[in-house]
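Letter by letter, the chains look like this.
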Amino acid sequence: MQYDYDDQNIFAKILRGEIPNTTVFENDHALAFEDIQPQAPVHVLVIPKGAYVSLDHFARDASAEEQVAFFAAVAAVCDKAGVEHGFRAIANTRTHGVQEVPHFHMHIIGGAQLGRMLPAD
Ligand code: 5GP
């Protein structure tokens, strides 16, 4: 699989400081910020600072240090965000996964009872 990163995507612009964000947590390799259109009381996006288009790209090519830092950011968000009763972590990927922004991001969604993961038939 070849992953082509578009550095004009909106999260690349956030990382370069060209677009403002409401930061929840940051470390050397990851940034967590509020989603601009929250789907629940808690809706935070955790992104790596490196140029990875998707979860599978990140899992394959990110260094151990980047991967540890990413999950440290996830842990910090879960600790701070008010999701002690649970949450959902989502990484929409490419077209079948309906990914809008082609920079890997994990949605941390919670703060209220959520519906089913996928619509029931
Ligand atoms: P995706 O469908 O790619 O998994 O989700 C992209 C998410 O990025 C959406 O939930 C959308 O609301 C959020 N988003 C898009 N543009 C911006 C922005 O400029 N700032 C922030 N904070 N979130 C954004």
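Scroll up to find the structure this text is about.
(A) A look at the sheet that holds strand β5 (residues 106-110). The strand order β1-β2-β3-β5-β4 describes an open sheet built from five strands, whose pairing is antiparallel. Single-partner strands in this sheet number two, and they are β1 (23-26) and β4 (87-90). The sheet shows a mean angle of 20 degrees between the axes of neighbouring strands, direction not considered. One ladder, built from four bridges, connects β4 with β5; its direction is antiparallel. Note that in β5 the partner of Ala 89 across the bridge is Ile 108.

(B) View of the side chain of His 105. Inspection of the secondary structure assignment puts His 105 in the loop between β4 and β5. Classification of His 105 by relative accessible area gives buried; the value is 5%. Here His 103 takes part through its backbone oxygen, which lies 2.6 Å from a polar atom of the side chain of His 105. The contacts of His 105, once residues within four sequence positions are left out, are Phe 11, Leu 45, Val 46, Ile 47, Ile 90, Ala 91 and Gln 99.

(C) Molecular detail of helix α3 (residues 64-80). Over its 17 residues, α3 extends 24 Å from the first C-alpha to the last, a length consistent with the 24 Å expected when each residue adds 1.5 Å. In this structure, the buried residues of α3 make contact with β1, β2 (30-34), β3 (42-48), α2 (55-61), β4 and β5. Of the residues one or two after α3, Gly 82 is the one with positive phi, at around 85 degrees.

(D) Summary view of the nonpolar core. Ranked by size, the top nonpolar core spans 18 residues in total, and within it Val 46, Phe 70, Val 74, Val 77 and Ile 108 carry the most contacts. By residue number, the principal contributor to this core is α3, which donates five residues. When near neighbours in sequence (up to four residues on either side) are disregarded, Phe 70 contacts Ala 30, Val 46, Ile 47, Pro 48, Phe 58, Phe 104 and Met 106. Counting seven residues, the second-largest nonpolar core is a separate cluster that includes Leu 31, Phe 33, Leu 45 and Val 101.

(E) Quick look at the site of the ligand. By nearness alone, 16 residues border the ligand, and Asp 35, Asn 92, Glu 100, His 105 and His 107 come closest of all. Between the ligand and His 105 there is a distance of 2.8 Å, counted from an oxygen atom to a side-chain nitrogen or oxygen. At a separation of 2.8 Å, an oxygen atom of the ligand approaches a polar side-chain atom of His 107. Bound to the protein, the ligand loses 87% of the 520 Å² it would expose on its own. Counting residues per element, the shell around the ligand draws most heavily on helix α1 (residues 10-15), at three residues.

(F) Representation of the pattern of salt bridges in the model. Counted by the stated rule, this structure contains four salt bridges. For Arg 16, the salt bridge goes to Glu 18, with nearest N and O atoms at 2.7 Å. Accessibility expressed as a relative area gives 39% for Arg 16, which makes it partly exposed.

Conventions adopted
- Residues numbered from 1 in each chain as written.
- Predicted model: local features only at pLDDT ≥ 70, side-chain atom pairs only at ≥ 80, totals over all residues.
- Heavy atoms only, no water.
- Pairing = 2+ DSSP bridges.
- Helix = DSSP H or I, 4+ residues; strand = E, 2+ residues; numbered from the N terminus.
- Axes fitted to C-alpha atoms, helices over the stretch in contact; angles between N-to-C directions.
- Buried < 20%, exposed > 50% of the residue type's maximum accessible area, 1.4 Å probe, protein only.
- Polar contact = N/O pair within 3.5 Å; in protein donor to acceptor, adjacent residues only side chain to side chain.
- Contact = heavy atoms within 4.5 Å.
- Expected span 1.5 Å × (residues − 1).
- Core = buried A, V, L, I, M, F, W, Y, C linked by side-chain atoms within 4.5 Å.
- Near = heavy atom within 4 Å.
- Areas by Shrake-Rupley, 256 points an atom, 1.4 Å probe, with all protein chains shown as cover.
- Salt bridge = Lys/Arg side-chain N within 4 Å of Asp/Glu carboxyl O.

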